[in-house]
Amino acid sequence: MTADTLTAGGDSAGNALETNYLNTGSGVLSWLFTLDHKRIGVMYLVAITASFLLGGIFALLVRTELWSTGQTIMTADAYNKMFTLHGAVMIFLFIIPGIPAALGNFVLPLMLGAKDVALPRMNLTSFWFWIVGASFALVSIIIGAVDTGWTFYTPYSTTTGTAVISITMGVFILGFSSIFTGLNFIVTIHKMRPEGMTWFKMPLFLWGLYSTAIIQVLATPVLGITLLLLIAERVLGVGIFDPALGGDPVLFQHFFWFYSHPAVYIMILPAMGVISELVSVFSGKHIFGYRFIAWSSIAIALLSFLVWGHHMFTSGQSGITNMIFSALTFSVAIPSAVKVFNWLATMYKGSIRLATPMLYVLSFLFLFAIGGLTGLFLGALSTDIHLHDTYFVVAHFHYVMFGGTVIAFLGGLHYWWPKMFGRMYSERWGQVSALLIFVGFNLTFFTQFVMGSHGMPRRYYNYVEEFTTLHRASTIGSYVLGFGFLIMAIYLIHSLFRGKPAPANPWGSATLEWETTSPPQAHNFDHELLAGDPYDLEALELDPDIDGWVRSDPQSIILSAGGSR
Amino acid sequence: MGAQHHGDGHDPNLAHHFESADQQYQSAKLGMWVFLMTEILFFGGLFVAYTVYRVNHPEVFVFGAHFLDTALGALNTVVLIFSSFTMAWAVRAAQLKQIKLLKWLIIATMLCAFTFMGVKYVEYGAKWKHGLLWAAKYDHHVEHVEDHGKDSAMHEETPAIEPESAEPAETAEAVAAPVVDPDRSAIGPAAEGPHGLAVPEAVVETEVAPVEPANAKVFFSIYFLMTGLHGIHVLGGIAAMLWLLKCLARGDFDGGHFTRVDMVALYWHVVDLVWIYLFLLLYLID
């Protein structure tokens with residue numbers, strides 16, 4: 001950073017810079033080989049959005065097929081592939097990298113007042129690994145797809161004739177991408193916090209990302225070796241999972257869930273971090289119970305490693321094992337509930353602004369509560385025997401993953417959108433779309449709770465007549481959901497070109513990413529920052545001239561030693 | 001604090017987003033440790049697979065381990081431990097800016113790595129020759145069994161095809177050689193007791209035919225998976241050391257900038273450590 005770029009910098013009111021990270025360097029190569037965390041974050045955003053679109057199309061095809069009994073639009077074999085691809089694409093390509101790699105990459109260094117993540121090359125490598133992994137998955141889809149379900153359970157996955165190897169290879173590589181992101185975040189948070197930001201003055205989004213990163217680095221390697229073993233089983237016939245050779249197919253399930261259960265917390269923890277930021281800002285109140293929220297993230301991360309067996313209650317594992325896993329599963333509800341109560345307490349007596357991000361927060365609280373509580377039904381042994389492998393499970397994890405993670409992702413996307421692209425989106429359309437998504441989602445998945453409790457098995461191509469009404473309601477819901485996303489795509493893309501220029505701090509947030517211009521310059525900040533309380537919203541006041549918020553005392557966050565630049 | 005680093009003459013080894021060389025070094029080091037943690041967990045999956053299979057089928061391991069050459073395994077262990085020593089010394093040399101010494105130490109470490117791979121090649125070659133491969137490719141030619149025995153004696157006259165009938169021929173040397181008595185295995189009384197190759201005459205005379213346990217082949221699956229994955233990591237280490245030599249030739253370490261040497265050394269020590277466990281768990285079962 002040199003002095004002349006600084007003179008071009010925006011004023012404290014945050015008027016847009018002439019040069020920013022989006023126009024520093026042009027051409028495709030300046031993006032593909034950038035080390036700038038913001039550009040990598042944006043590339044990730046584009047990539048995962050494309051995956052979400054793809055996975056969404058698969059979902060709509062699945063729902064359309066289920067419009068009526070028997071064949072509606074595709075054969076049973078095609079249907080098996082559709083739900084497998086929906087799951088695999090959504091999980092591995094979209095939701096795991098979703099918040100950390102796209103939003104996290106963009107926001108984390110900014111929140112730290114830093115110029116970049118600690119290991120920028122590794123960050124770019126992570127993105128490239130994502131591309132390579134996604135390519136393998138695409139190859140698999142093109143050469144015949146897979147029909148194993150996204151869990152790749154043995155022995156079916158070692159015997160089916162579909163393209164298992166290329167997609168597992170893809171997931172293996174995507175795992176490295178995820179590990180690199182997590183590793184980078186751990187190092188960055190440990191080593192690059194600014195003056196004044198102790199661990200307990202970090203914004204809670206960083207606690208979310210940090211606990212996510214712990215899971216990413218500890219769990220993902222186990223998935224890696226599991227998939228390698230699966231590939232070795234198919235290619236070489238090593239016999240570890242083959243009962244004919246004394247191997248144990250259930251061992252695959254243990255390995256798989258040792259990763260994949262923590263992985264659901266890779267998905268939800270950063271979402272909880274997003275909610276913690278948004279709920280404070282849009283309630284105009286300091287976050288309630290900061291330390292409880294921070295510690296509960298770590299608690300969830302650690303407990304997540306101890307509950308994988310609850311996916312296997314019907315696998316034949318011993319009764320005592322089932323009881324232990326069941327009890328541990330219930331214990332995860334405690335830190336989760338701690339968070340929800342603290343968010344509610346933050347809203348209590350706050351001056352709540354129902355801006356689009358806040359609508360997503362409210363959606364999240366409602367849907368996550370349902371998703372979390374129905375998890376207890378499934379964690380309880382007796383009810384799980386009844387509900388296992390039914391639509392109840394499908395509905396449960398969609399309430400947590402979609403109602404939780406995706407909704408929080410959308411909230412975060414709308415919250416940081418002005419910072420990322422320097423433009424405001426249409427608030428009115430934002431609200432319409434948030435409402436449609438909320439309604440469509442509940443219509444799609446609440447009906448599935450009902451069907452599941454009545455015994456509709458998941459993944460079935462056909463069903464008995466009495467489920468027709470509920471299936472149709474669910475399918476209509478999925479169309480409403482899709483329509484909501486269509487509107488969102490239109491107004492967000494529109495905002496990129498026609499949106500009102502965003503002020504530096506449109507929401508009145510006190511975290512450091514709002515101290516730079518929107519969009520930020522290539523090196524993020526003009527000066528070294530001194531971090532204070534990230535939820536001290538009193539320090540900001542609305543400046544009607546710029547329609548944005550400014551600090552009452554701008555000097556309070558500038559580190560004097562470096563301020564002369 | 002950070003201002004002065006952005007002047008013209010700042011350290012070319014210091015990336016722009018760090019405040020100080022120490023912050024950069026600490027970041028690299030933490031990153032490396034976290035990476036090594038993922039490596040341990042990566043191998044961890046295989047160790048769990050090993051444990052599960054061994055608990056369920058101990059006889060397979062006792063049988064299979066007889067085909068591994070403990071002498072070569074021990075040689076490789078010594079080679080790797082020595083290479084860890086030269087690598088640790090290399091870090092010291094880099095810190096003291098002894099560039100010439102550093103170069104030779106890296107080369108010495110690489111030679112050790114190549115030696116390791118060479119020995120591994122000999123071992124794999126012998127397994128290949130005798131069909132002692134992973135489950136699907138397993139095709140155990142009993143007439144060649146002796147080549148794999150711990151004593152490496154050659155007994156070409158063994159005519160049998162079935163493992164059972166192969167054993168008597170072997171007992172001739174088993175008398176002279178250090179006897180491996182599977183009945184005294186630490187594994188304890190497995191139901192289908194381990195009837196390895198080097199069975200004492202007495203056992204043979206009582207007509208308890210030493211048999212290859214069912215699915216002995218999976219031992220070799222596990223052997224090849226574990227040592228193969230480890231071997232890939234050794235190759236990775238060799239590549240990393242070549243990179244160090246390139247950096248060294250470019251003069252990157254002249255100013256006492258030893259971070260890269262330190263990181264490769266950490267990695268190399270973990271590769272070494274994993275091998276020590278593999279040696280214990282695969283070769284020294286009996």
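Shown above is the structure to which this text applies.
The model shown is predicted, which means the values in this text are computed figures rather than measured ones.

S.K.: Residue-level account of the overall build of chain A, with values.
M.R.: Looking only at helices and strands, chain A features 16 helices and four strands. Scaling as 2.2 N^0.38, a compact globule of 565 residues should have a C-alpha radius of gyration of about 24 Å, and chain A matches this with 24 Å. When the 565 residues of chain A are sorted by exposure, 58% land in the buried category. Restricting the contact set of chain A to residue pairs at least 6 apart, pairs at least 24 apart contribute 83%.

S.K.: Help me get a handle on the pairing of strand β4 (residues 548-551) of chain A, residues and values and all.
M.R.: Residues and elements named next belong to chain A. When strand β3 (residues 540-543) meets β4, the two strands line up antiparallel, connected through four bridges. Along β4, the bridge assignment pairs E541 with V550. Count of turn residues in the β3/β4 antiparallel hairpin: four residues, of which D547 carries a positive phi of about 55 degrees.

S.K.: Would you mind going over the interface of chain A and chain B in detail, with residue names and values included?
M.R.: For an interface, size is often stated in terms of accessible area lost upon the parts coming together. Taken together, the contact between chain A and chain B spans 36 residues of the former and 33 residues of the latter. Secondary-structure elements contributing two or more residues to the side of chain A that touches chain B are α7 (164-191), α8 (204-235) and α9 (249-283) of chain A. The element that contributes the greatest number of residues to the side of chain A that touches chain B is α8(A), accounting for nine residues. When grouped by side-chain class, the residues that make up the side of chain A that touches chain B number 22 nonpolar, eight polar and six charged.

S.K.: Let's hear about the packing of helix α15 (residues 427-453) of chain A against helix α16 (residues 468-498) of chain A: which residues, and what values?
M.R.: Residues and elements named next belong to chain A. Interhelical geometry of α15 versus α16 gives an angle of 160 degrees and a closest axis separation of 8 Å. In terms of orientation, α15 and α16 fall into the roughly antiparallel class. Crossing geometry of α15 relative to α16 is assigned as left-handed. Class assignment for the residues of the contact of α15 with α16 results in 19 nonpolar, 10 polar and no charged.

S.K.: Help me get a handle on helix α10 (residues 290-303) of chain A, residues and values and all.
M.R.: End to end, α10(A) covers 20 Å across 14 residues, agreeing with the expected 20 Å (1.5 Å per residue, within 8%). Of the surrounding secondary structure, the elements contacted by the buried residues of α10(A) are α8, α9 and α11 (319-347) of chain A.

Procedures and definitions
Residues numbered from 1 in each chain as written. Chains lettered and ligands numbered in written order. Predicted model: local features only at pLDDT ≥ 70, side-chain atom pairs only at ≥ 80, totals over all residues. Helix = DSSP H or I, 4+ residues; strand = E, 2+ residues; numbered from the N terminus. Rg over C-alpha atoms; globule rule 2.2 N^0.38 Å. Buried ≥ 20, exposed ≤ 12 C-beta atoms within 10 Å, placed from the backbone. Contact = placed C-beta atoms within 7 Å. Pairing = 2+ DSSP bridges. Nonpolar A, V, L, I, M, F, W, Y, C, P; charged D, E, K, R; others polar. Axes fitted to C-alpha atoms, helices over the stretch in contact; angles between N-to-C directions. Parallel < 35°, antiparallel > 145°, perpendicular 65-115°, else oblique. Left-handed = near helix turned anticlockwise from the far one by under 90°. Expected span 1.5 Å × (residues − 1).

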